[in-house]
Amino acid sequence: MNKIKILKKDILSNNWYTLYKLTFEATKNDGEVSIITREAYDRGNGATILLYNMDKKTVILTRQFRIPTYVNGNESGMLIECCGGLLDKDNAEDCIRRETEEETGYQVSNIKKVFEAYMSPGSVTELLYFFIAEYTSDMKVSDGGGLDHEHEDIEVLELPFTQTMQMINTGEIKDGKTIMLLQHLQISNLLS
Ligand SMILES: Nc1nc2c(ncn2[C@@H]2O[C@H](COP(=O)(O)OP(=O)(O)O[C@H]3O[C@H](CO)[C@@H](O)[C@H](O)[C@@H]3O)[C@@H](O)[C@H]2O)c(=O)[nH]1
Ligand SMILES: [Mg+2]
């Protein structure tokens, strides 16, 4: 596309997050002009983190009920994921530091951003920021588990890294951001 002009932004749903119907004029390189409508779900941007321990060669993951997966073939609805969440008003690093403590109970110090990615670019506006951080047992300050008042009931898993790589192959780990960060750790040879 050569030129895009947004003509209309209808709100189809604005309950928890916002679903837009966007009407736009698209001009192709050859000059042809089309009017196109597309839906886009805006639930803000997010951040996610993989915690790893160099000595034990383990990683910290979470397990929680995810209703969208339950209605699409995941029988128990439980999903294993890296810690993560939505940005609220924070910047990505402050957000992931807070989420890490709330969900896993670890207060990590050195956080490294590794990449950012649109996770479902044809339908969801979200840009997701990916981080890794080393953890040690003395960084554990609480049980984690998420916020009760938001009905979060998050199990914290400490697993051998090699086992998690197998769990991708068996389908026990099926979350995109989690697979991306585990494979990043593998490629960067941090635990070998
Ligand atoms: N009442 C209500 N609460 C909601 C709704 N949707 C989400 N929430 C609540 O809002 C909170 C969001 O928690 P976060 O930790 O910030 O986000 P997350 O759900 O763990 O992760 C989201 O972001 C990740 C990173 O982008 C995504 O990978 C993941 O799929 C999800 O969208 C949770 O307590 C969740 O229950 C809703 O429709 N209604
Ligand atoms: Mg979360």
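Residues numbered from 1 in each chain as written. Chains lettered and ligands numbered in written order. Predicted model: local features only at pLDDT ≥ 70, side-chain atom pairs only at ≥ 80, totals over all residues.

Asks: It is not clear to me how the sheet that holds strand β1 (residues 3-14) should be interpreted in this structure. Could you clarify?
Replies: By definition, the strands of a sheet pair up through backbone hydrogen bonds, in either a parallel or an antiparallel sense. What the 3 strands build is an open sheet, ordered β1-β2-β3; its pairing is antiparallel. Of all strands in the sheet, those bounded by a partner on one side alone are β1 and β3 (33-42). On average, adjacent strands in this sheet sit at an angle of 20 degrees to one another, irrespective of strand direction. When strand β2 (residues 18-27) meets β3, the two strands line up antiparallel, connected through 10 bridges. Note that in β3 the partner of T23 across the bridge is T37. (Pairing = 2+ DSSP bridges. Helix = DSSP H or I, 4+ residues; strand = E, 2+ residues; numbered from the N terminus. Axes fitted to C-alpha atoms, helices over the stretch in contact; angles between N-to-C directions.)

Asks: Help me out: how do you make sense of the pairing of strand β8 (residues 111-118) in this one?
Replies: A regular strand places its side chains on the two faces of the sheet in alternate fashion. Among the 8 residues in β8, 0 count as buried, and that is only a small part of the element. Bridging between β8 and strand β9 (residues 127-134) involves 7 bridges; their strand directions are antiparallel. Following the sheet pairing, Y118 is matched in β9 by L127. (Buried ≥ 20, exposed ≤ 12 C-beta atoms within 10 Å, placed from the backbone.)

Asks: I tried to follow the UniProt feature "domain: Nudix hydrolase" (unreviewed entry) in the protein on my own but got confused; where do I start?
Replies: According to UniProt, the "domain: Nudix hydrolase" (unreviewed entry) feature falls on residues 42-181. The span residues 42-181 is 24% helical and 34% strand by assignment, and the distance between its end C-alpha atoms comes to 24 Å. (UniProt positions renumbered as here; feature names shortened; annotations may be inferred.)

Asks: I keep staring at the domain arrangement of the protein and nothing clicks. Help me out?
Replies: Reports often express the size of an interface as the amount of accessible area lost when the parts come together. Annotation of the protein at the domain level lists domain 1 (3-42) and domain 2 (46-187). One C-alpha centre belongs to domain 1, the other to domain 2, and the line joining them spans 32 Å. (Domains from an automatic or database assignment.)

Asks: Explanation requested: the pairing of β1 in the structure shown.
Replies: With 0 of its 12 residues buried, β1 lies for the most part at the surface. Remark: 3 residues form the turn of the hairpin made by β1 and β2, two consecutive strands paired antiparallel.

Asks: It is not clear to me how the site of ligand 1 should be interpreted in this structure. Could you clarify?
Replies: W16, G46, G85, L86 and E150 are the nearest of the 13 residues found near ligand 1. Residue assignment for the shell around ligand 1 shows that the elements contributing at least two residues are β4 (46-53) and β7 (83-86). The element that contributes the greatest number of residues to the shell around ligand 1 is β7, accounting for 3 residues. Partitioned by chemical class, the residues of the shell around ligand 1 number 3 nonpolar, 5 polar and 5 charged. (Near = placed C-beta within 6 Å. Nonpolar A, V, L, I, M, F, W, Y, C, P; charged D, E, K, R; others polar.)

Asks: So what exactly am I meant to see when it comes to the environment of G176 here?
Replies: As for its position among the elements, G176 is in helix α4 (residues 176-187). For the pair G176 and M119, spaced 57 residues apart in sequence, the C-alpha separation works out to 8.0 Å.

Asks: Looking at this structure, how should I read unusual backbone geometry?
Replies: Most peptide bonds are trans, and most residues other than glycine sit at a negative phi. One non-glycine residue, H151, lies in the positive phi region at around 60 degrees. The topology assignment puts H151 in the loop between β9 and β10 (155-160). Positive phi outside glycine occurs at N189, with the angle close to 55 degrees. Counting through the fold element by element, N189 comes out in the segment after α4.

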